[in-house]
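Breakdown of the fold
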Amino acid sequence: MRSVSVGIPAAALSVGAVETRAESAAAVSGSPPDPAEASSAGSVAIHDGSGPNAGDGSLQFLKHIVDLGFSETCAVADVNNDGRLEIISGEHWFEKAPPAAPGLAPQWIKHKFRTLPYLNFYIDNFSDLPVDANQSGYADIVSCSWFSKQITWYQNPRRADQPWKSTVIQAGYPVEFAFLVDILNTGKPLQILPEFGDVHAPLSWYELVGEGADARWVRHQVSSQSYGHGIGAGDVNGDGRTDIITPQGWFEAPEDTRNGQWIFHPEFDLGTVGFIHVHDVNGDGLADLVTSAAHGYGVFWYEQRKDGAGKRSWVKHVIDDSWSQAHALTLVDLNGDGQMELVTGKRYFAHNGHDPGSKEPLGVYWYQPIRVEGELQWQRHLIDYSSRAGGGMQIPVVDLTGSGALDVLVGGKSGLFWFENITQQKSQPGRTEVR
């Protein structure tokens, strides 16, 4: 079996579905919309099929500009405990307010809750992980930095006009990004797994212990070193325990994940990748890996195979290699068909324009696994293309409005955007329905 991308190269994209325009208001910060943005994409429903809504499961999204500031993180949580979800990105969290007038997009109230360094054309913040660490009922934020070499916990003061107390969890090593993962196998991803950018940094995960004022993060070391650009977690061998995946191999979790010995399996070399997801892509009962070339071309998956003696091997399959810098990936059942789709996008100037393909157009995409004459293939769908929106460092996929449909949010050096999933919605005043 082989896997191929059925998407056409981004550089030669021909839009096959209807594309309409809709107004998008700037954030309450006062930043005006970019004129190029207004003519680029509003309400978008594009796929790589042969005609408008060709029955291939394509979704329709309405694009909103949240902020045109400069930050690559993007997270979603109920920050002020009002029962609604807010967006966290960089120094701010954004509260959705009603439109200024009928037919306009929602406004966004911008709350600054911290000050972050600006170094070498980066806001020094590369992941925002929402977690109620002190059980206050309010979402705190755990962030990581590259230049400052820290993992930091920011405690929610429960009032919008008060600063957030910061506590350093780990210092001394640069951190490219981090996950919240379920290392303890409780069904809740409450442990921090960072990707250290220094081979001398001990590969570790961090457990939240204590309650209230006694809450703290405890480090558990897996290995005396780190293993390259990329990190992930999941059950590789089907024993019910969450393993840790690096670009150079995977660590098998012991029964006692806090005190036991993690066994390293150097079974592959993925290269320079981003998020590494564990998922049975082809349904054969063996867990596969889904990842991307974070600073080059390619989104791909590694198929796990076993021979008659039970020896494991990995076969690489390309999903799409027509565009570069897919740094962040999200696996989610986006269209409600019961299988996992892949949502990703091109990060804007990940290394300030020095990566292969970095000056090519940005795009935000989702990939649908399909069977064609029994063969597993991936259908690429466009959420947005050749505007300011890219993949950034995080891509949360959540129902932001309570509509029942999953939305896509992206941040980056070029701005923060919300793609509202309007697939199941009927025409509303001020909106153009895509048919």
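Structure: see above.
Here's what I pulled together on the structure shown here. (Residues numbered from 1 in each chain as written. Predicted model: local features only at pLDDT ≥ 70, side-chain atom pairs only at ≥ 80, totals over all residues. Heavy atoms only, no water.)

Counting its secondary structure elements, the chain contains one helix and 34 strands. When burial is assessed residue by residue, the chain has 55% of its 435 residues classed as buried. Considering only residue pairs separated by 6 or more positions, the chain has 50% of its internal contacts joining residues 24 or more positions apart. Taken as a whole, the chain presents about 17300 Å² of accessible surface, with 50% of it coming from carbon and sulfur. (Helix = DSSP H or I, 4+ residues; strand = E, 2+ residues; numbered from the N terminus. Buried < 20%, exposed > 50% of the residue type's maximum accessible area, 1.4 Å probe, protein only. Contact = heavy atoms within 4.5 Å. Areas by Shrake-Rupley, 256 points an atom, 1.4 Å probe, with all protein chains shown as cover.)

For the rest of this paragraph, the subject is the pattern of salt bridges. Under the defined criterion, the tally for this structure stands at 13 salt bridges. The closest approach of N and O atoms between D128 and R114, which form a salt bridge, is 2.8 Å. One end of the pair, D128, is in strand β12 (residues 127–131); the other, R114, is in the loop between β9 (107–112) and β10 (118–119), and 14 residues separate them in sequence. Taken as a pair, D128 and R114 share a single burial class, namely buried. R241 is the partner of D239 in a salt bridge, and the nearest nitrogen-oxygen pair spans 3.3 Å. Take R241: its relative accessible area is 23%, and that puts it in the partly exposed class. (Salt bridge = Lys/Arg side-chain N within 4 Å of Asp/Glu carboxyl O.)

With that out of the way, let us pick up the sheet that holds strand β22 (residues 249–252). On the basis of which strands lie adjacent, the open sheet formed by eight strands has the order β23-β22-β21-β20-β24-β25-β26-β27 and mixed pairing. On the outer flanks of this sheet lie β23 (263–265) and β27 (312–324), each paired with one strand and no other. Averaged over all pairs of adjacent strands, the angle between their axes in this sheet comes to 20 degrees, without regard to strand direction. Sheet topology places strand β25 (residues 288–292) next to strand β26 (residues 297–306); four bridges connect them, and they run antiparallel. (Pairing = 2+ DSSP bridges. Axes fitted to C-alpha atoms, helices over the stretch in contact; angles between N-to-C directions.)

The next thing to look at is the pairing of strand β13 (residues 140–145). Burial analysis of β13 places six of its six residues in the buried class, the great majority of the element. Neither face of β13 is exposed, since D140, V142 and C144 on one face and I141, S143 and S145 on the opposite face are all buried. With five bridges connecting them, β12 and β13 associate as antiparallel partners. Along β13, the bridge assignment pairs D128 with S143. Two elements, β13 and strand β14 (residues 150–155), share five bridges in a ladder whose sense is antiparallel.

Inspection of the secondary structure puts V398 in strand β32 (residues 397–398). Look at V398 and you get partly exposed, because its relative accessible area is 23%. Between the alpha carbons of V398 and L334 there is a distance of 9.2 Å; along the sequence they are 64 residues apart. Setting aside its immediate chain neighbours within four residues, V398 contacts V76, A405, L406, D407 and L409.

One finds V142, W217, I244, L334, V343, V408 and F419 to be the most contacted residues of the largest nonpolar core, which totals 53 residues. With five residues, the top contributor of residues to this core is strand β16 (residues 175–181). With near-sequence residues (within four places) excluded, W217 lies in contact with V131, A133, V142, W153, I169, L190, I192, Y206, E207 and L208. Listed in part, the 16 residues of the second largest apolar core include W301, W323, A326 and Y365. (Core = buried A, V, L, I, M, F, W, Y, C linked by side-chain atoms within 4.5 Å.)

Below, the discussion takes up the sheet that holds strand β8 (residues 92–97). Pairing within the open sheet is antiparallel, and its four strands lie in the order β6-β7-β8-β9. Edge positions in the open sheet fall to β6 (75–77) and β9, since each of these has one partner strand only. Across the sheet, the axes of successive neighbouring strands diverge by a mean angle of 30 degrees, strand direction being ignored. As defined by bridge partners, β6 adjoins strand β7 (residues 86–89) across three bridges and the pair is classed as antiparallel. Bridging from a neighbouring strand, V76 pairs with I87 of β7.

Nonpolar side chains collect at one region of the surface, where F70, Y118 and F121 lie side by side and expose about 330 Å² of accessible area between them. Position of F121 relative to the elements: it lies in the loop between β10 and β11 (122–123). Look at F121 and you get exposed, because its relative accessible area is 55%. (Patch = residues over 30% accessible without salt bridge, like charges linked within 9 Å, V, L, I, M, F, W, Y side chains within 5 Å.)

This model, assessed by the stated rule, comprises 17 aromatic pairs. Between F300 and Y302, the ring centres sit 5.8 Å apart and the planes meet at 80 degrees, which makes this aromatic pair edge-to-face. In this structure F300 comes out as buried when scored by relative accessible area, which is 4%. Judged by its relative accessible area of 8%, Y302 is buried. Within the aromatic cluster, the residues linked to one another by ring pairs are Y122, F126 and F147. A cation over an aromatic ring shows up here: K63 above the ring of F417, its NZ or CZ 5.0 Å from the ring centre. Over the aromatic face of Y154 sits the side chain of R114, whose NZ or CZ is 4.6 Å from the ring centroid. (Phe/Tyr/Trp six-rings, centres within 6.5 Å; stacked < 30°, edge-to-face > 60°. Lys NZ or Arg CZ within 6 Å of the ring centre and 35° of its normal.)

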